[in-house]
Amino acid sequence: MSSRDVILDAARTLVVNRGFDGMAVSDLCTESGLPASSIYYHFGNKLGVLAALLERTFEELHARFPAPSSYDDREPLERFEAWLTTACASLDQRPDHLSLLLAISVGPHKDAETVRSTVRRIRDYAHASWVKALTPVFAPDGGEEDEALVEELAVLGRAMTDGLSVANSFEGMSYSSRVASFVSLIRGLADQRSRAKGVTSDADEA
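Model, not experiment: these values are computed from the prediction.

**Q** Could you clarify how one ought to interpret the overall build of the protein in this entry?
**A** In terms of regular secondary structure, the protein is built from nine helices and zero strands. Its C-alpha atoms give the protein principal-axis dimensions of about 80 × 30 × 30 Å. Residues classed as buried in the protein amount to 41% of the 206 residues present. Considering only contacts within the protein whose residues lie at least 6 apart along the sequence, 69% involve residues at least 24 apart. Looking at the protein as shown, the accessible area adds up to about 10,700 Å², and 52% of this sits on carbon and sulfur atoms. Considering the protein, the positive charge centre built from 21 side chains and the negative charge centre built from 31 side chains are found 6 Å apart.

Here it is as structure tokens:
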């Protein structure tokens, strides 16, 4: 492993356990076993370490997080459940990813441009994945109202994973433990909307 990766691994451990304020360069040296000169050579300063750590986290999440299109051979609800099940299993294997993002998102450097832009890119990617997973269920034919619902549910889904990252840190709750409940919610809502549209169609025909 390169010295750069050793430093980033040490930084991730420190940020997740102590927050960014708890990550002094001296702590990085102790955790990584490398001198301060190595840290400055690779990253310039402490904020540079944070920016590089975020970028690597995005790359790791992108590699591990399944694309909803991987399940296009299934019916919409089964497709959604398969995607969410696999996504949560991936997060359970590396819960530090979202814990890290949460710690940084509420930290003192959250407004630094290098931090804000990368965090936004990661969250936009997650939101887009939720939208792609939910669209075949609720808005297969488009429509402003249906697409608005998909957007709202995507925000809710992303908020659920944010909350589970806290529950995971403090209570050891897994992401996978909530898959069934969320899938039931989505199935129930889809059934309710399907029945409502059926009633509307009958009324229109009359």
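**Q** Can you help me understand the packing of aromatic side chains in this one?
**A** Two numbers describe a pair of aromatic rings. These are the distance of the centres and the angle of the planes. Evaluated as defined, the whole model comprises seven aromatic pairs. Here Phe-80 and Phe-182 contribute two aromatic rings whose centre-to-centre distance is 6.4 Å and whose plane-to-plane angle is 40°, an arrangement assigned as tilted. Taken as a pair, Phe-80 in helix H5 (residues 76-93) and Phe-182 in helix H9 (residues 179-205) lie far apart in primary sequence, 102 residues in all. Pair check on accessibility: Phe-80 and Phe-182 agree, each one buried. Aromatic ring contacts, followed pair by pair, group Phe-65, Phe-80, Trp-83, Trp-130 and Phe-182 into a single cluster. Across from the ring centre of Phe-58, 4.5 Å away, lies the NZ or CZ of Arg-121, which sits over that ring.

**Q** Got a minute to help me understand the confidence of the model for the protein in this structure?
**A** Segments scoring low in pLDDT should not have their predicted coordinates read at a detailed level. Mean pLDDT over the protein: 86, with 95% of residues reaching 70 or higher. Mean pLDDT per element in the protein: helix H6 (residues 96-105) is the minimum at 74, and helix H3 (residues 36-43) is the maximum at 94. The low-confidence segment residues 200-206, where pLDDT is below 50, has zero contacts with residues more than four positions distant or belonging to other chains.

**Q** What is the right way to read the pattern of salt bridges from this model?
**A** Think of it this way: side chains of opposite charge can pair up when their charged atoms draw near. Tallied over the full model, the rule gives 13 salt bridges. Note that Arg-56 and Asp-9 form a salt bridge whose closest N and O atoms lie 2.6 Å from each other. Here the residue Arg-56 occupies a position in helix H4 (residues 46-64), and Asp-9 occupies one in helix H1 (residues 3-18), the gap between them amounting to 47 residues. Since its relative accessible area comes to 24%, Asp-9 is described here as partly exposed. Taken together, the salt bridges that share partners define one network made up of Asp-5, Asp-9, Arg-12, Arg-56 and Glu-60.

**Q** How do you make sense of the nonpolar core when you look at a structure like this?
**A** What tends to happen in soluble globular proteins is that the nonpolar side chains get buried as a cluster. Core analysis: the biggest nonpolar cluster contains 56 residues, and Leu-28, Phe-80, Trp-83, Leu-84, Trp-130, Leu-134 and Phe-138 have the highest contact counts within it. For this core, the element with the highest residue contribution is helix H7 (residues 113-138), accounting for nine residues. Once you skip the residues sitting within four places of it in the chain, Phe-80 turns out to touch Trp-130, Ala-133, Leu-134, Val-137, Phe-182, Val-183 and Ile-186.

**Q** Is there a simple way to think about the side chain of Arg-193 in this case?
**A** Structurally, the position occupied by Arg-193 is in helix H9. The buried category is assigned to Arg-193, whose relative accessible area is 19%. When neighbours within four sequence positions are excluded, Arg-193 is seen to be in contact with Phe-138, Glu-145, Asp-146 and Leu-149.

**Q** Help me understand H6 in this model?
**A** Helical geometry: 3.6 residues make up each α-helical turn, so side chains three or four residues apart lie on a common side. The buried fraction of H6 is high, at seven of ten residues. Those residues of H6 hidden inside the fold are in contact with H1, H4, H5, H7 and helix H8 (144-171).

**Q** I keep staring at the side chain of Ser-90 and nothing clicks. Help me out?
**A** By secondary structure assignment, the location of Ser-90 is in helix H5. Accessibility expressed as a relative area gives 13% for Ser-90, which makes it buried. In this structure Ser-90 touches Arg-64 and Pro-66, once residues within four positions along its chain are discounted.

Each value, and the rule that gives it
Residues numbered from 1 in each chain as written. Predicted model: local features only at pLDDT ≥ 70, side-chain atom pairs only at ≥ 80, totals over all residues. Heavy atoms only, no water. Helix = DSSP H or I, 4+ residues; strand = E, 2+ residues; numbered from the N terminus. Buried < 20%, exposed > 50% of the residue type's maximum accessible area, 1.4 Å probe, protein only. Contact = heavy atoms within 4.5 Å. Areas by Shrake-Rupley, 256 points an atom, 1.4 Å probe, with all protein chains shown as cover. Lys, Arg positive; Asp, Glu negative; His and termini not counted. Charge placed at Lys NZ, Arg CZ, Asp CG, Glu CD. Phe/Tyr/Trp six-rings, centres within 6.5 Å; stacked < 30°, edge-to-face > 60°. Lys NZ or Arg CZ within 6 Å of the ring centre and 35° of its normal. pLDDT = per-residue confidence, 0-100. Salt bridge = Lys/Arg side-chain N within 4 Å of Asp/Glu carboxyl O. Core = buried A, V, L, I, M, F, W, Y, C linked by side-chain atoms within 4.5 Å.

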